[in-house]
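# Topology and contacts: notes
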Amino acid sequence: MNAIVKNDFQFPGQKGHYVGKVRDVYNINDEYLVMVVSDRISAFDVVLPKGIPFKGQVLNQIAAKFLDATADILPNWKIAVPDPMVTVGHRCEPYKVEMVIRGYLSGHAWREYKAGKRTICGVEMPEGMVENQKFPEPIITPTTKADEGHDEDISKEEIIAQGLVSREEYEQLEAYTRAIFQRGTEIAAKMGLILVDTKYEFGKKNGQIYLMDEIHTPDSSRYFYAEGYAERLEKGEKQKQLSKEFVREWLMANGFQGQEGQQVPEMTPEIVEGITDRYVELYEQITGEKFCKAETEDVLSRIERNVSEWLKSL
């Protein structure tokens, strides 16, 4: 199976090529973006040495479904999916913050809480909570968008004071964030899942706010299985979850947390295949549909052909 970890296409009208941790983004005539979701996998802000076959297809297709399922709330950047691993959309000017919304006390928020903090990003968290407990209301804990390194927590007031986003627009972003999260929560519930937390990126084009990038994928979101959630919470047990957390747990169990001097453990064919299987499981559980693996004989040629053909229709 071919895992696509590197690509360097030359599409018609191409003006630039940006390589992210997982995505390669091609600027077409300063008007459109071609986003190729590679099979690279990152954890602890480190891109791991081996790709995961079909991971890019899983993420791209989940994001496309959720962009379509929230398009009545606000416009989003997606125009078409000309290939299983590619979305083409509007080029927007991104806001310099990511909107993180949390329905439950998990992950980073729980680590802060356990360390004794009761405020995160300027938002108060109630006393007496336990890990994975539901907040009375979802909380929004934005982060800065770092070009390199780690994103940093930031409060609403700091965002406005630093001029990153105007108060009026920030409040609009908050309203959109809550509405999209509510929709994602309802869709997840139908699949027997709990949408725990997630992040959204927004941008502007011609004065209009757009939802950008991926949404509600296992890389950007945390899901719990609803069945048994209450019992596990009561017993203080770990929740059964659908997210990339299993990759982080495997790395931590093998002595890697992205710190200087640490070595990524060997990614054997069995480990890689196991991660592919988990991503396919994530897709089927989140969408309720069977995952159909795209042909992998010559993926790069397939992508180039499909995207170039589609761009001719512009």
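Summary of the structure given here. What you see is a predicted model; the values in this text were computed from it and never measured.

## Comments concerning the overall build of the protein chain
In terms of helices and strands, the protein chain carries eight helices and 17 strands. Residues counted as buried form 51% of the 314 residues belonging to the protein chain. As displayed, the protein chain has an accessible area near 15,100 Å², and 47% of this comes from carbon and sulfur atoms. Averaged over its 39 positive side-chain charges, the protein chain has a centre that lies 1 Å from the centre of its 52 negative ones.

## A few points about the pairing of strand β6 (residues 78–83)
Of the strand pairs in this sheet, β6 and strand β7 (residues 86–90) are connected by three bridges, and their pairing is antiparallel. Paired with K78 across the strands is G89, a residue of β7. The turn joining β6 and β7, which pair antiparallel and follow one another in sequence, is formed by two residues.

## Topic: the packing of helix α6 (residues 245–253) against helix α7 (residues 269–287)
At a minimum axis separation of 11 Å, α6 and α7 run at an interaxial angle of 155°. Looking at the two axes, α6 sits roughly antiparallel to α7. Across the interface between the two elements, F246, V247 and W250 from α6 touch I271, I275, R278 and Y279 from α7. Here the residues of the contact of α6 with α7 sort into six nonpolar, no polar and one charged.

What counts, and at which threshold
- Residues numbered from 1 in each chain as written.
- Predicted model: local features only at pLDDT ≥ 70, side-chain atom pairs only at ≥ 80, totals over all residues.
- Heavy atoms only, no water.
- Helix = DSSP H or I, 4+ residues; strand = E, 2+ residues; numbered from the N terminus.
- Buried < 20%, exposed > 50% of the residue type's maximum accessible area, 1.4 Å probe, protein only.
- Areas by Shrake-Rupley, 256 points an atom, 1.4 Å probe, with all protein chains shown as cover.
- Lys, Arg positive; Asp, Glu negative; His and termini not counted.
- Charge placed at Lys NZ, Arg CZ, Asp CG, Glu CD.
- Pairing = 2+ DSSP bridges.
- Axes fitted to C-alpha atoms, helices over the stretch in contact; angles between N-to-C directions.
- Parallel < 35°, antiparallel > 145°, perpendicular 65-115°, else oblique.
- Contact = heavy atoms within 4.5 Å.
- Nonpolar A, V, L, I, M, F, W, Y, C, P; charged D, E, K, R; others polar.

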